[in-house]
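Structure assessment
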Amino acid sequence: MGNINGTIVETVTIDGVEMTSVGTVTGDVGACCSYAIPAATSGTVTTWTDANTGVITASGHTITTGDKVDVYWMSGSTRERRVGMDATVSGSAVTVDGGQGDDLPDVDTVVTIAEVMQIECACHPANLKAWVMHLDVEGTVCTLDFDGAVDEQIELTANEPYQNIDGVHTNSFSATCGYLWVSVAGTTAGTFKSQFVGDAL
Amino acid sequence: MASGVVKTTGDMAGLSITGETSRTDEATAGVNTSLSAASTGTLSTRTDDDTGVVAAATGHGISTSDKVAVYWTESGVTGMRYGMTATVSGDNITVDGGSGDNLPTQDNAVTIHKEETYAVAFDGDDMSMVAARCDAWGHVRFETSVPATLKAVELEAGRVWHWADSGEETRPITGTAVAQVTASQSGSSGTANLKVKALLNAAS
């Protein structure tokens, strides 16, 4: 027990006032990974059926029927997204359905559509000691239980690490994490990294 | 204009993650100070979970009506209670009320610290970043002028607590204006540096 170690160095500087901490986190279990995440494909909403159903026309996509996809668009200067949608493909037309997040935008809205990468995880974030995730481009990570239900939707800004450290941040996770869904918002591929240290349930 | 940066490096099993969260905004508020040393003592009477008597070392410097924080370790588990009201009779300090952990069992060793309050002026809704750090195990709370606690944070020794408005974690302070920061530390061997700083999108 307690044989997994990680080190997290944080330096916060606000208006020249520097605060540094070097923390060693120890837990019973740990998992770390690094994955290349494929780029999203540009497209347009060509049919809007309802808030969570529509057709996106996207030339050159590699999505296949049965894939989970995330859809991204801009509303003014605000990034919006709907994640974990089911895809049904007919040529360049991708029917998207379900998922969670923002309501699909109007017909003719320019979007990107990204095939979700599913990463096996098998950890217990309710007992986390530290979880650091990083994506070098803008994107989304969803944590899912083993039944495929989304627990947390985490919106990642390019190069800004997500960190949840016991004693420092609020632990909002409630479910055992069986999988991660990761996608990028733009048409440039990204690299996703994750480090998890936690205690067994 | 002022800036705030959180640099993070995580290392585990040969995988390194390095990232940076940067914000630029209009103003800052906070304190950078030394907290006096706590006094050693013993919980000589335990009346209930939030009432007892601390037999403190001579020279504790605490007066009746002061707000104090009590720190302890019992069976390897740390505990602390803050915002307690002191009633002093020599070296016997009756402590009552407050918030935090239930007081330890009678005769447990404790340290007791007279809380220190520093004036600040900002609105939590204006924060784009906030951080706090104490050299020693300590506690800080953000309060209104009443004072009422808006956010209480226990600080591990030498570890930074921070928040940035990435949208991934709930804004820690909202609504009512922050008028003061009240802090304490657990250590009895000397002063401890405390830094609290907020980056703001509007000057108060």
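Structure: see above.
Residues numbered from 1 in each chain as written. Chains lettered and ligands numbered in written order. Predicted model: local features only at pLDDT ≥ 70, side-chain atom pairs only at ≥ 80, totals over all residues. Heavy atoms only, no water.

**A look at the overall build of chain B**
The condition that has to hold: Helix and strand definitions follow DSSP, with helices as H or I runs of at least four residues and strands as E runs of at least two, each counted in order from the N terminus. What the globule rule says is 2.2 Å times the number of residues to the power 0.38, and the radius of gyration is computed from C-alpha atoms. Type-normalised accessible area, obtained with a 1.4 Å probe on protein chains alone, sets the label of each residue: buried when under 20%, exposed when over 50%, and partly exposed for intermediate values. Only heavy atoms matter for contacts: two residues are in contact if any of them lie within 4.5 Å across the pair. Using a 1.4 Å probe, accessible areas were evaluated by the Shrake-Rupley method; residue-level cover was limited to the displayed protein chains. Positive residues here are Lys and Arg, negative ones are Asp and Glu, while His and the chain termini are left out of the count. Taken as the charge centre is NZ of Lys, CZ of Arg, CG of Asp or CD of Glu, depending on the residue.
Of regular secondary structure, chain B possesses zero helices and 17 strands. Rg of the C-alpha trace for chain B: 18 Å, near the compact-globule value of 17 Å for 204 residues, within the 12% margin. Over its C-alpha atoms, taken along the principal directions, chain B stretches across nearly 50 × 45 × 25 Å. Across the 204 residues that make up chain B, the buried fraction comes to 51%. Contacts in chain B between residues far apart in sequence, at least 24 positions, make up 68% of those at least 6 positions apart. A total of about 8,300 Å² of accessible surface is found on chain B, and carbon and sulfur atoms cover 44% of it. Treating the 13 positive side-chain charges of chain B as one cloud and the 25 negative ones as another, the clouds have centres 4 Å apart.

**So, the interface of chain A and chain B**
Our working rule: Accessible area that two parts lose when put together, with a 1.4 Å probe and added across both, is what the buried area reports. One side-chain nitrogen of Lys or Arg within 4 Å of one carboxyl oxygen of Asp or Glu is enough to make a salt bridge. Side-chain atoms alone can form a polar contact between residues adjacent in sequence; in general such a contact is a pair of N or O atoms within 3.5 Å, and within protein one must be able to donate a hydrogen while the other accepts it.
In this assembly, 45 residues from chain A lie in contact with 42 residues from chain B. Buried surface at the junction of chain A and chain B, both sides included, amounts to about 3,400 Å², of which 56% is carbon and sulfur. Considering only the side of chain A, the residues that lose the most area to chain B are Ile14(A), Met19(A) and Gln195(A), jointly responsible for 19% of the buried surface there. Across the contact surface, chain A and chain B share one salt bridge. Between Glu160(A) and Arg23(B) there is a salt bridge, and its shortest N-O distance comes to 2.8 Å. Viewed at the interface, chain B and chain A are joined by 17 residue pairs in polar contact (both at pLDDT 80 or more).

**Let's talk about the sheet that holds strand β15 (residues 161-164) of chain B**
Residue and element names in this part refer to chain B. Convention followed: Any two strands between which DSSP finds at least two bridges are classified as paired. Between the N-to-C directions of two axes lies an angle of 0 to 180 degrees, each axis being a line fitted to C-alpha atoms and, for a helix, fitted only over the stretch in contact.
Taken in spatial order, the four strands of this open sheet run β3-β17-β12-β15, and their pairing is antiparallel. Bordering the open sheet on either side are β3 (27-35) and β15, each of which pairs with just one other strand. Between one strand axis and the next, the sheet turns by 5 degrees as a mean value, whatever way the strands run.

**Description of the sheet that holds strand β1 (residues 4-14) of chain A**
Strands sit in the order β2(A)-β1(A)-β1(B)-β2(B) across an open sheet of four strands; the sheet is antiparallel. Sheet topology places β2 (17-27) of chain A together with β2 (15-25) of chain B at the edges, where each strand pairs with a single neighbour. Strand-to-strand twist across the sheet, computed as the mean angle between neighbouring axes with direction ignored, equals 10 degrees. Of the strand pairs in this sheet, β1(A) and β2(A) are connected by eleven bridges, and their pairing is antiparallel. Its bridge partner lying in β2(A), Ile4(A) is registered against Gly27(A).

**Things to note about unusual backbone geometry**
The peptide bond linking Val146(B) to Pro147(B) adopts the cis configuration, its omega dihedral lying at 5 degrees. Inspection of the secondary structure assignment puts Pro147(B) in the loop between β13 (138-143) and β14 (149-155). For Asp108(A), which is not a glycine, the phi torsion comes out positive at approximately 80 degrees. Looking at the secondary structure, you find Asp108(A) in the loop between β9 (100-101) and β10 (110-115). Look at Asp108(A) and you get exposed, because its relative accessible area is 59%.

**A few points about the pairing of β15(B)**
Residues and elements named next belong to chain B. Taking every second residue as pointing to the same face, both faces of β15 are buried, with Trp-161 and Trp-163 on one and His-162 and Ala-164 on the other. Relative to β15, strand β12 (residues 127-134) is paired through four bridges, and the arrangement is antiparallel. Each bridged residue has a counterpart across the sheet, and for Ala-131 the counterpart in β15 is His-162.

**Overview of the nonpolar core**
For clarity, the threshold we go by: The criterion is simple. A nonpolar core is a set of buried Ala, Val, Leu, Ile, Met, Phe, Trp, Tyr and Cys residues joined through side-chain atoms within 4.5 Å.
Phe122(B) and Phe142(B) are the most contacted members of the largest nonpolar core, which has 36 residues in total. Looking at this core, the element that brings in the most residues is strand β17 (residues 192-200) of chain B, giving five residues. Tyr162(A), Leu180(A), Val184(A) and Phe196(A) belong to the second-largest nonpolar core, a separate cluster that totals 21 residues.

**What to know about the environment of Val160(B)**
Relative to the elements of secondary structure, Val160(B) occurs in the loop between β14 and β15. For Val160(B), a relative accessible area of 1% corresponds to the buried category. In this structure, the C-alpha to C-alpha distance between Val160(B) and Thr176(B), residues 16 residues apart in sequence, is 24 Å. Apart from the residues lying within four places of it in its own chain, the contact partners of Val160(B) are Glu10(A), Val12(A), Met19(A), Thr20(A), Ser21(A), Val168(A), Ala131(B), Ala132(B) and Arg133(B).

**Considering the pattern of salt bridges**
Inspection of the entire model under this criterion finds 14 salt bridges over all chains. One salt bridge connects Arg141(B) with Glu115(B), and the closest N-O pair in it is separated by 2.7 Å. Residue Arg141(B) is found in strand β13, and its partner Glu115(B) is found in the loop between β10 (109-114) and β11 (116-123); the two are separated by 26 residues along the sequence. The burial state of Arg141(B) is the same as that of Glu115(B); both residues are buried. Among the charged side chains, a network of salt bridges with common partners joins Arg79(A), Arg81(A), Glu138(A) and Glu155(A).

**Quick word on the side chain of Gln153(A)**
Residues and elements named next belong to chain A. Here Gln-153 is to be found in strand β14 (residues 150-156). Polar contacts involving the side chain of Gln-153 include one to the side chain of Gln-100, which spans 2.9 Å. Within the structure, the side chain of Gln-153 is placed 3.4 Å from the side chain of Glu-155, a separation counted as a polar contact.

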